[in-house]
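Here is how the chains run, residue by residue.
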Amino acid sequence: MTSLMAFEMMMEGVMRLPAGQPVKDNQKTGSKGDHPPNKKEIEKIEDEGLSVGFFQLFRFATWKDILMMVVGGLCALVHGSASPLMLLVYGMMTNTFVAYELEIQELTDPNKICTNNTITWINGSIVELADNTTVYCGVDMEAQMTMFAYYFVGIGMAVLLLSYFQIALWVTTAARQIQVIRKTFFQKVMCMEIGWFDCNSVGELNTRISHDINKINNAIADQVCIFIERISTFIFGFMVGFIGGWKLTLVVIAVSPLIGLAAGLMALAVAKLTGRELLAYAKAGAVADEVLSSIRTVAAFGGEEKEAERYDSNLVKAQNWGIKKETIIGLFQGYLWCIIFLCYALAFWYGSKLVIDTKELSPGSLIQVFFGVLMAAMNLGQASPCLEAFASGRAAAKSIFNTIDREPEIDCFSEDGHKLEKVKGDIKFHSVTFNYPSRPEIKILDDLNLLAKAGETTAFVGPSGSGKSTTIQLIQRFYNPEEGMVTLDGHDIRGLNIQWLRSLIGIVEQEPVLFTTTIAENIRYGRPDVSMDDIVKAAKEANAYNFIMDLPQKFETQVGDGGGQMSGGQKQRIAIARALVRNPRILLLDMATSALDNESEAVVQEALDKARLGRTTISIAHRLSTIRNSDVIIGFEHGRAVERGSHSELLAQKGVYFTLVTLQNQGGDTSNDKTKQNPEREALAEPCIERVSSFSRVSYDPELRRSLRLRSHSQLSNKYLPNAIFGSIKIDNFSDEMETERAQQKIPEDGREECTEPAPVARILRYNKSEWPYMLLGSVGAAINGSVSPIYAILFSQILGTFSIRDVNEQRDQISGICVLFVVVAIVSFFSQFLQGYAFGKSGELLTRRLRKLGFQAMLRQEVSWFDDPMNSPGALTTRLATDASMIQGATGSQIGMIVNSLTSIGASFIIAFYFSWKLTLVVICFLPLIGLSGVFQAKMLTGFANEDTKAMEVAGQVSSEALANIRTIAGLAKERMFVDIYEQQLEAPYQDYAKARTAAAQFFKLLDRVPKIDMSQTEGETWEKFEGAIEFIDCKFTYPTRPGTQVLNGLTVSVKPGQTLAFVGSSGCGKSTSVQLLERFYDPDQGRVLIDGHCSWRVNVPFLRSQIGIVSQEPVLFDCSIAENIQYGDNTRTISMEETIEASKKAYLHDFVINLPNKYDTQVGAQGSQLSRGQKQRIAIARAIIRSPRVLLLDEATSALDTESEKTVQAALDEARQGRTCIVIAHRLSTIQTADIIAVMSQGAVIEQGTHEELMAKKGAYYKLVTTGAPIS
């Protein structure tokens, strides 16, 4: 029996090797979700967590997929039968061993011999036992064992082929179906009406496309064939049991419902908890995306710690749901093993009776029945992780399929609707009432009636929030009116084909969206079939041709993410060219020249005047001088058209228009202060500006293209980045330096593409050290679980040994004792399995939360230039937070449990095996390297697949990210189908989904270890008691790190005393905003110094410095929370009372507007403030700056987005706020800075003249020229 026992022990040890363990794929995946959940949605998810049936997950399978799944399923089915088939051989082998053992025992008596396969006495008489049976002999062990060996080899070869095909076919068909789901989901999202996007966060839609669909993949890929295989083993195991002995099999089957019931309950609980966990992660992901998209605002207001806590508060919820889930899984595992071992005890006790008392079973049949049923029960238990994956997949599929099945209210892909043969161009609103779907309680348009006649220019004027821009969106049919209708030439536009309708319309907005491609391609978006000559013509008409030809790559220049490489004015002119190349019947101009400098505005206005001829044109403008020549001017107030007429007629009526004109004239609205020049939309040019540098065909480099795309966080996030805190660069000297540098370095310092060595496990564990009590308890549980199998093997061999005992009473005593030991093992298993599952589950959840928070804090700690690198786009960083942290959990927690479990099991098995038969043990050991090598080979293969997949998915991810972020622009250009096609092309790469924990850890640790170039520490650097606010720039030279070839500041020297106002003026890209960024220490100068109260800026404590500075920029960033919380964001060092908030609000002339809202100060502003008009957002930003009580105030085009009435009141508020503070102003409206103590005129990165308004006018230099002629400063 010793040889059998040694063999048994070795097999036990081999079966415990980690390579053979089923891995629970991606139980934790990162940030997920569709939109921030409200209470109703949580309840709905709880109620409908499993409302997607399992087979519905395969709804996108083609007949080919079904065939592959059927063949793969059959392979799994046959593969599952292999183990029970081995048992038949094993049963025969056991009978052979027992017969041989009995023969040896009998032949120890010298008076007995073997004659004709029967034991006889020497005298020839047959030996009879007490029960009158004879003893068989003459067992040919060698021949028998050779035959059994052939059987095993045959089964082994079959298993090799079957297992390959089952996995390959299922993984392939899952990849194909997931690709279809991704495409279908993205296509459906792209055809949703704009109102749907108002209610669904873009950041969370992106995470849904990746993470939630990954969960569906886990549920329909190899987990299914593994499940089929295990269920097959379960069924065939019982069949083998019935063949061997039906009574014993039935007794064991009676216990099975206990397992099935528990498995069902666990699946339900896990699905419900997974749904809640996904919601919490979705909210955390949305916070991360919002914060990283607005990093300059967060840094300017010192909100890093507050944001880290806001992020962490969502992680805590996810962690708690995760711990509950792990607890339930741990309980189920403990319960399962307890039942299995109790089942063993019952089976052996009853089986031994059938062998000894009734002789219905042979020892081999008992083993066959016992192992058959045991194998069946074990495989049923091992199928439970698959059930968990299925439950998670079904929960994730709910929201995905709900979106896919939702019928859009306005379907842009629909072929329905009329296409008019001849379009005249009359647009009429008939008693239109409208409110945004996301804020149904606030009426935007109220019984609006208006007519824009064909071929005429109709101008809309009125205060901020009166419904002017909303009207334009209804004409484009982004929304349908609640009541009334909009007609084109008398036809309700709801009855017209939507793509055809939008093809008639050209639109130029105040904040135009450009796509991450070349200038020529951006203009070609206006009309796909356009020739290069048409593009050049449109560029000339839009006054863009000259600046384009100054660029090294001319029309092939990459514009950067969201147009980030271009200054505001350059973007505006490209957008105008895009609209003109469309040759539209209807032209919509929403503040179309607002971002242009004086000279450009005049030329572009002239181009637009030409373009308007013969077209229906609707123009919105706050600068009334630009629309006084319109055929018809319509005055808006409270969502109604309250007056209509020409300029002179409306002045005579003395209504809304008269009031606005009067206010504007009082402000000295002279020709010299045309709208702001393009630059400080440089704000936009800024950091991104050089993000991409000079790659002439960057679009052909998928890695770079990917990272650029990922920067399109949200339609509004690019547009509402603050100017003053960005550097704006003139991009006439794109250099090839960066491209060369990249080529030499292969990838930027933090680029993910770098070949990253896997992180040492010890370091990963160090981050888990505060959970050492849980890890210790879990390891104890795992060690006990690991030793259970060897203990069980000893008990098993003891039972086989009892069948060779001649004394029946001794036999029974031993069997009873062994059964009692099985019961003890069952009870211990319950606690040890629960302990292992719960302890490692909890430590893993705590680790994931800790790593996410640490990672997020590490990101917020980096200097601003780090975010300029396309590799560190908000989309890429959010994904990294979500996936890397949860993958690292895969290298600790349950993996450690598995390792401890396996090592204990192998160690104990070896000791026992060597003890009983060292020779046989050595023979079996020879096969272990093969098993180990197969595990290593498998891991290498899977990591390779994972890396390929990551690249493919990230490239596709940028397409979806850019598309969803800029959905309004895409809808306006009717380009939804094109983006769907691009996305589908990117998905063609092979797709697999396997974790690569140590590589993820290495990426993550690289982020944690990176030392920021500008230290954000609260303790490092100088601070002083009385901050005066004296600022001095001394010979500052600066280039942006991402474009070292372009000199932005070139010897900037200027100073301002405490309490004085310094105004920077100059053309786009001259370095005005960049100088402000040096003051905020977003960057440090390459040469020269910035002095604050005589202290060198790079020595000053960064949080201290920023706490003294308040900023109001042209396009303020607001956060997706309430109005009160946005105002209170101004000072994150203390708790601000509501009284103080209201006081600041009153100073910013915001209070009256807020108290008229249903939720007053608790009104949610929407993502990036999307629920508010520009003027309303600007006033919140001013209140935010006022509440900070800063010593230094930075105003970057702070009143540019306001209507005339608001501008007057806000300008008064700003003048009041400036009192007693050092103030730096950037403005194109020269009337707003004439009272400044110092006006510094900048050109090409240096101050060319400075003085007061009067002094500079007397000099008759650059400033004088700018004031009198509006010519650009060169």
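Residues numbered from 1 in each chain as written. Predicted model: local features only at pLDDT ≥ 70, side-chain atom pairs only at ≥ 80, totals over all residues. Heavy atoms only, no water.

(A) Summary view of the overall build of the protein. Within the protein, the secondary structure is distributed over 46 helices and 22 strands. Per-residue burial over the protein gives 62% buried out of 1274 residues. The contacts in the protein between residues at least 6 apart in sequence include a share of 83% that link residues at least 24 apart. Here the protein displays about 47300 Å² of accessible surface, and carbon together with sulfur accounts for 57% of that area. (Helix = DSSP H or I, 4+ residues; strand = E, 2+ residues; numbered from the N terminus. Buried < 20%, exposed > 50% of the residue type's maximum accessible area, 1.4 Å probe, protein only. Contact = heavy atoms within 4.5 Å. Areas by Shrake-Rupley, 256 points an atom, 1.4 Å probe, with all protein chains shown as cover.)

(B) Representation of the side chain of Thr 274. Checked against the element boundaries, Thr 274 lands in helix H9 (residues 256–293). What makes Thr 274 buried here is its relative accessible area of 0%. Those residues within four positions of Thr 274 in sequence are excluded, and the remaining contacts are Lys 215, Lys 325 and Ser 392.

(C) How the structure looks around the sheet that holds strand E6 (residues 483–488). If you trace the 4 strands from one edge of the open sheet to the other, you get E4-E3-E6-E7, paired in antiparallel fashion. The sheet terminates laterally at strand E4 (445–452) and strand E7 (491–492), the two strands that pair on one side only. By the bridge criterion, 5 bridges tie strand E3 (residues 427–434) to E6 in an arrangement that is antiparallel. Directly across from Lys 428, in E6, lies its bridge partner Thr 487. Relative to the sheet, helix H14 (residues 468–475) contacts E3, E4 and E6, its axis offset from that of E3 by approximately 115°. (Pairing = 2+ DSSP bridges. Axes fitted to C-alpha atoms, helices over the stretch in contact; angles between N-to-C directions.)

(D) Structural detail: the pairing of strand E19 (residues 1192–1196). Most of E19 sits out of view: 5 of its 5 residues are buried. Residue alternation in E19 divides its side chains into two sets, Val 1192, Leu 1194 and Asp 1196 and Leu 1193 and Leu 1195, and both sets are buried. Strand direction decides the pairing type here: E19 and strand E20 (residues 1222–1226), joined by 5 bridges, are parallel. Across the sheet, the residue bridging to Leu 1194 is Ile 1224, located in E20.

(E) The arrangement of the pattern of salt bridges in detail. Under the counting rule described, the total for this entry stands at 21 salt bridges. In this structure, the salt-bridge partner of Lys 424 is Asp 426, at a minimum N-O distance of 3.3 Å. Between Glu 1028 and Lys 1026 there is a salt bridge, and its shortest N-O distance comes to 3.8 Å. One salt-bridge network, in which partners are shared between bridges, spans Glu 309, Asp 312, Arg 849 and Lys 853. (Salt bridge = Lys/Arg side-chain N within 4 Å of Asp/Glu carboxyl O.)

(F) How the structure looks around the pairing of strand E22 (residues 1246–1251). Here 5 bridges tie strand E21 (residues 1238–1243) to E22, and the two strands are oriented antiparallel to one another. Residue Ser 1243 lies in a different strand from E22, and its bridge partner there is Ala 1246. Turn length for the E21-E22 hairpin, with the two strands adjacent in sequence and antiparallel, is 2 residues, and the turn residue Gln 1244 shows positive phi of about 50°.

(G) Region of interest: the state of the cysteines. For the structure shown, the criterion picks out 0 disulfides. Considering cysteine sulfurs only, Cys 225 is the nearest to Cys 75, which forms no disulfide, with 9.4 Å between them. With relative accessibility at 12%, the residue Cys 75 sits in the buried group. (Disulfide = S-S within 2.5 Å.)

(H) Structural detail: the packing of aromatic side chains. In the structure shown here, the tally under the stated rule is 28 aromatic pairs. Here Phe 58 and Trp 170 contribute two aromatic rings whose centre-to-centre distance is 6.1 Å and whose plane-to-plane angle is 75°, an arrangement assigned as edge-to-face. A residue pair is termed long-range when its members are at least 10 positions apart, and Phe 58 in the loop between helix H2 (39–48) and helix H3 (63–107) and Trp 170 in helix H4 (residues 141–190) qualify at 112 residues. Using a relative accessible area of 12% as the deciding quantity, one classes Phe 58 as buried. An aromatic cluster of at least three residues, connected via ring pairs, comprises Phe 54, Phe 55, Phe 58, Trp 170, Phe 227 and Phe 390. The residue whose ring lies beneath Lys 540 is Tyr 545, and the NZ or CZ to ring-centre distance is 4.8 Å. (Phe/Tyr/Trp six-rings, centres within 6.5 Å; stacked < 30°, edge-to-face > 60°. Lys NZ or Arg CZ within 6 Å of the ring centre and 35° of its normal.)

(I) View of unusual backbone geometry. A positive phi angle, near 60°, is found at Asn 543, a position not held by glycine. In this structure, Asn 543 sits in the loop between helix H17 (532–541) and helix H18 (545–549). On the accessibility criterion, Asn 543 (17% relative accessible area) is buried. The phi dihedral of Asp 1035 falls on the positive side, at around 45°, and the residue is not glycine.

(J) The arrangement of the sheet that holds strand E9 (residues 586–590) in detail. Sheet architecture is open: 6 strands sit in the order E8-E9-E10-E5-E11-E12, paired in mixed fashion. Unpaired on one side and paired on the other, strand E8 (505–508) and strand E12 (640–645) mark the two borders of the sheet. Geometrically, the sheet is characterised by an average inter-axis angle of 20° between neighbouring strands, direction not taken into account. In this structure, strand E5 (residues 457–461) lies alongside strand E10 (residues 616–620), joined through 4 bridges in parallel fashion. Among the inter-strand pairings, Ala 459 is bridged to a residue of E10, identified as Ser 619. Sheet contacts for H14: E5, E8, E9, E10 and strand E11 (632–637); angle to E10, the most-contacted strand, approximately 150°.

(K) Local environment of the environment of Ile 784. Relative to the elements of secondary structure, Ile 784 occurs in helix H28 (residues 772–802). With a relative accessible area of 31%, Ile 784 lands in the partly exposed category. Considered as a pair, Ile 784 and Val 900 are 116 residues apart in the sequence and their alpha carbons are 9.5 Å apart. In this structure Ile 784 touches Val 828 and Ser 832, once residues within four positions along its chain are discounted.

(L) Region of interest: the nonpolar core. Ranked by internal contacts, the top residues of the largest apolar core, which has 129 residues, are Leu 57 and Met 190. Those residues in contact with Leu 57 that lie beyond four places of it in its chain are Val 52, Gln 177, Ile 181, Ile 216, Ala 219, Ile 220, Gly 393, Arg 394, Ala 397 and Phe 401. Leu 881, Tyr 1040, Leu 1049 and Leu 1078 belong to the second largest nonpolar core, which has 71 residues in total. (Core = buried A, V, L, I, M, F, W, Y, C linked by side-chain atoms within 4.5 Å.)

(M) Fine view of the packing of helix H7 (residues 222–244) against helix H13 (residues 384–405). Packing of H7 against H13 brings their axes to within 9 Å, and their N-to-C directions diverge by 140°. Of the two elements, H7 crosses H13, and the hand of that crossing is left-handed. Only Pro 385, Cys 386, Leu 387, Ala 389 and Phe 390 of H13 make contact with H7, whose side of the interface consists of Gln 223, Val 224, Ile 226, Phe 227 and Arg 230. Of the residues in the contact of H7 with H13, the class split is 8 nonpolar, 1 polar and 1 charged. (Left-handed = near helix turned anticlockwise from the far one by under 90°. Nonpolar A, V, L, I, M, F, W, Y, C, P; charged D, E, K, R; others polar.)

(N) Spatial organisation of the environment of Pro 1085. Residue placement: Pro 1085 occurs in the loop between helix H38 (1072–1079) and strand E16 (1087–1092). For the pair Pro 1085 and Tyr 1040, spaced 45 residues apart in the sequence, the C-alpha separation amounts to 9.6 Å. If we ignore the near neighbours within four places in the chain, the residues touching Pro 1085 are Cys 1036, Lys 1037, Phe 1038, Leu 1078 and Val 1090.

(O) Focus on the side chain of Ser 232. Following the sequence through the fold, Ser 232 ends up in helix H7. For Ser 232, a relative accessible area of 1% gives the class buried. Apart from residues lying up to four places away in sequence, Ser 232 is in contact with Ala 76, Leu 77, Gly 80, Ser 81 and Gly 237.

(P) View of the confidence of the model for the protein. With 79% of its residues at a pLDDT of 70 or more, the protein has an overall mean of 75. With pLDDT under 50 throughout, residues 1–50 is counted as low confidence; its partners more than four residues away or in other chains account for 148 contacts. Across residues 668–755 the pLDDT falls below 50, and counting only partners more than four positions away or on other chains, this stretch makes 361 contacts in the model. (pLDDT = per-residue confidence, 0-100.)

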